Amino acid sequence: MSILLQLVIILILTKLGAHLSSILSFPSVIGELLVGVIAGPAVLNILTGTTFVQYFSEIGVIVLMFIAGLEGDLSLLIKYWKPAMTVATLGVIFPTLSAALLCALVFNFPWTTSIFIGLVLSATSVSISVQVLKEMGRMNTREGAIILGAAVADDIMCVILLGLCVAFFGSSGSSDQPVWLMISTKLLFFVVMLVLGKWFVPKFMSFFSKLNTSENEATGAVILCFGFAAIAVALGMSDVLGAYFAGIALSETKFKESLALKIEPIGYAIFIPVFFVSIGLNISFKGLQNDIIFIISLIIIAIIGKQIGGALGAKLFHLSWNESNIVGAGMVSRGEMALVVANVALGAKLIDQNHYTAMIVVTVVTTIIAPLILKIFIQRATKENEIATNNINEVKI
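Residues numbered from 1 in each chain as written. Predicted model: local features only at pLDDT ≥ 70, side-chain atom pairs only at ≥ 80, totals over all residues. Heavy atoms only, no water.

- Per an unreviewed UniProt entry, the protein is named Cation:proton antiporter, and its organism is Companilactobacillus baiquanensis.
- A UniProt comment under Subcellular location (unreviewed entry) is attached to the protein, and it reads "Membrane".
- Under Sequence similarities (unreviewed entry), UniProt gives the following word-for-word description of the protein: "Belongs to the monovalent cation:proton antiporter 2 (CPA2) transporter (TC 2.A.37) family." (UniProt positions renumbered as here; feature names shortened; annotations may be inferred.)

In structure tokens form, the structure reads like this:
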């Protein structure tokens, strides 16, 4: 199938899937994810994860997180950094320890393999949660700020733990860098992002906007988006993290409003739908019947571990239970970070191909389920707020 035909099919099916999801009162992202499952190798095999899909999906998730940063509120992120760190920490501890103990004690895996499987489940992909938060008007709330901040902290913890585990347990030659150097480059990333975001980005945009060409501001923003993503990769971090920081930096400039109107159509018209479809394309049901109990157990732990860890972390900072559950649900989705950890574990020979496939299935399933859980808790919180508002109005009357 040609690249152009693949793109046509993906765009048609994702819009139909999103439309059907909206009719059924599901987040639109659910329909787009299920398009990948149904049209992919798992069911109809119309679409496959080609190089074209891989590249477009990578651009899609980068643009999605850039938009999330652009529409974010830096003051909220700074205000809620303590609960975000707490949520991230508990959200790593609960699923990692639970999965490691399950694998070692129930399924008799070696402890090294068990720890790495637990580490895969500790990763969070906030890109799916961002889409639901945007759809339901919850991006710039304290729950949204905590989720975004916790996802950033979660990525840092996951990368550091990954480096330590590979260094101590991986096969020889799986990592040429000493642990201290791996951790140092991660910390350097945040210093570079801070310096560039505060001093370089405003001056760059001011200069670029004065050029005598069309769409200067949008082009400048795209350059910063992919430039920051490239810097993140060079320093051993996720490209989406770099794009998110580029968006946050631009959100503090006078170009914020105009850029949001220009960048969103680029992302949502082409690249972002391909990203959501690509997640579903990763799933396959072949040869999984022997691991079905193992997979179901991990899915349960993956969901409950993040939900409890995230909710308890938020509750410690006096959020209501409904708000705390929104935070927990926002941390459930896995994605690119979990896939990175699984790939590293496979390369370091800490998990075999069968268990790698099982982890891919767990990642995809939790990513599909997470938006449903998040929407349920958002609706509960909204209803609770409406009841409280009505009670206040009655008392005034």
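Having put the structure on the table, let's press on.
## So, the overall build of the protein
(1) Moving on: A count of helices and strands for the protein gives 16 helices and zero strands.
(2) Moving on: Within the protein, the fraction of its 397 residues that count as buried is 54%.
(3) Moving on: Of the contacts formed within the protein by residues at least 6 apart in sequence, a portion of 80% connects residues at least 24 apart. (Helix = DSSP H or I, 4+ residues; strand = E, 2+ residues; numbered from the N terminus. Buried < 20%, exposed > 50% of the residue type's maximum accessible area, 1.4 Å probe, protein only. Contact = heavy atoms within 4.5 Å.)

## Considerations on the packing of helix α6 (residues 111-122) against helix α13 (residues 292-315)
(1) Moving on: α13 packs onto α6 with a crossing angle of 50° between their chain directions and a minimal axis gap of 10 Å. In terms of axis orientation, α6 runs oblique to α13. Taken as a pair, α6 and α13 cross one another with a handedness that is right-handed. Of α13, the residues touching α6 (which contributes I117, L121 and S122) are F294, L298, I301, A302 and K306.
(2) Moving on: Tallied by class, residues from the contact of α6 with α13 come to six nonpolar, one polar and one charged. (Axes fitted to C-alpha atoms, helices over the stretch in contact; angles between N-to-C directions. Parallel < 35°, antiparallel > 145°, perpendicular 65-115°, else oblique. Left-handed = near helix turned anticlockwise from the far one by under 90°. Nonpolar A, V, L, I, M, F, W, Y, C, P; charged D, E, K, R; others polar.)

## Some remarks on the layout of surface pockets
(1) Moving on: Quantified by volume, the second largest pocket comes out at close to 730 Å³.
(2) Moving on: Together, 24 residues line the second largest pocket, and L74, I78, L194, F245 and I248 are the ones closest to its centre.
(3) Moving on: Of all the elements in the fold, those that place two or more residues in the lining of the second largest pocket are α4 (74-79), α5 (81-106), α8 (142-169), α9 (179-208) and α11 (239-251).
(4) Moving on: Broken down by element, the residue count for the lining of the second largest pocket peaks at six residues, all from α9.
(5) Moving on: The residue makeup of the lining of the second largest pocket, split by class, is 19 nonpolar, three polar and two charged. (1 Å grid on protein atoms, 1.4 Å probe; cavity = no way out; pocket = protein on both sides within 12 Å on 5 of 7 lines; lining within 4 Å. Points joined across faces, edges and corners; volume = space filled by probe spheres on them.)

## Focus on unusual backbone geometry
(1) Moving on: One non-glycine residue, E215, adopts positive backbone phi at about 50°.
(2) Moving on: Along the chain, E215 turns up in the loop between α9 and α10 (216-234).
(3) Moving on: Judged by its relative accessible area of 45%, E215 is partly exposed.
(4) Moving on: Within the chain, H318 stands out as a residue other than glycine whose phi angle is a positive 70°.
(5) Moving on: Within the fold, H318 resides in the loop between α13 and α14 (321-330).

## A word on the packing of aromatic side chains
(1) Moving on: The tally for this structure, following the rule as stated, stands at 12 aromatic pairs.
(2) Moving on: Counting every residue linked through ring pairs, the aromatic cluster contains F189, F190, Y244 and F245.
(3) Moving on: Taking NZ or CZ as reference, K198 lies 5.8 Å from the ring centre of W199, over its face. (Phe/Tyr/Trp six-rings, centres within 6.5 Å; stacked < 30°, edge-to-face > 60°. Lys NZ or Arg CZ within 6 Å of the ring centre and 35° of its normal.)

## A word on helix α1 (residues 3-23)
(1) Moving on: Over its 21 residues, α1 extends 30 Å from the first C-alpha to the last, a length consistent with the 30 Å expected when each residue adds 1.5 Å.
(2) Moving on: Those residues of α1 that sit buried are Q6, L7, I9, I10, T14, G17, A18 and S21. Take α1 and look down its axis: the buried residues cluster within an arc of 160°, on one side only. Pointing more than 90 degrees away from the buried face of α1 are the exposed residues L4, L16, H19 and I23. (Expected span 1.5 Å × (residues − 1). Arc of directions from axis to C-beta.)

## Notes on the side chain of N216
(1) Moving on: Summarising the element assignment, N216 is placed in helix α10.
(2) Moving on: Judged by relative accessible area, N216 falls into the buried class, the value being 7%.
(3) Moving on: Dropping the residues within four chain positions of it, N216 is found in contact with F208, S209, K210 and L211.

## Overview of the environment of D291
(1) Moving on: With respect to the helices and strands, the residue D291 is situated in the loop between α12 (256-281) and α13.
(2) Moving on: You can call D291 buried: its relative accessible area is 17%.
(3) Moving on: D291 sits 67 residues away from A358 along the chain, and the two C-alpha atoms are 7.4 Å apart.

## Describing empty space enclosed by the protein
(1) Moving on: All told, the structure shown has three cavities of 30 Å³ or more when counted by the stated rule.
(2) Moving on: As for the second largest cavity, its lining consists of G72, D73, L76, L77, M139, N140, A145 and L148.
(3) Moving on: Considered class by class, the residues forming the lining of the second largest cavity number five nonpolar, two polar and one charged.

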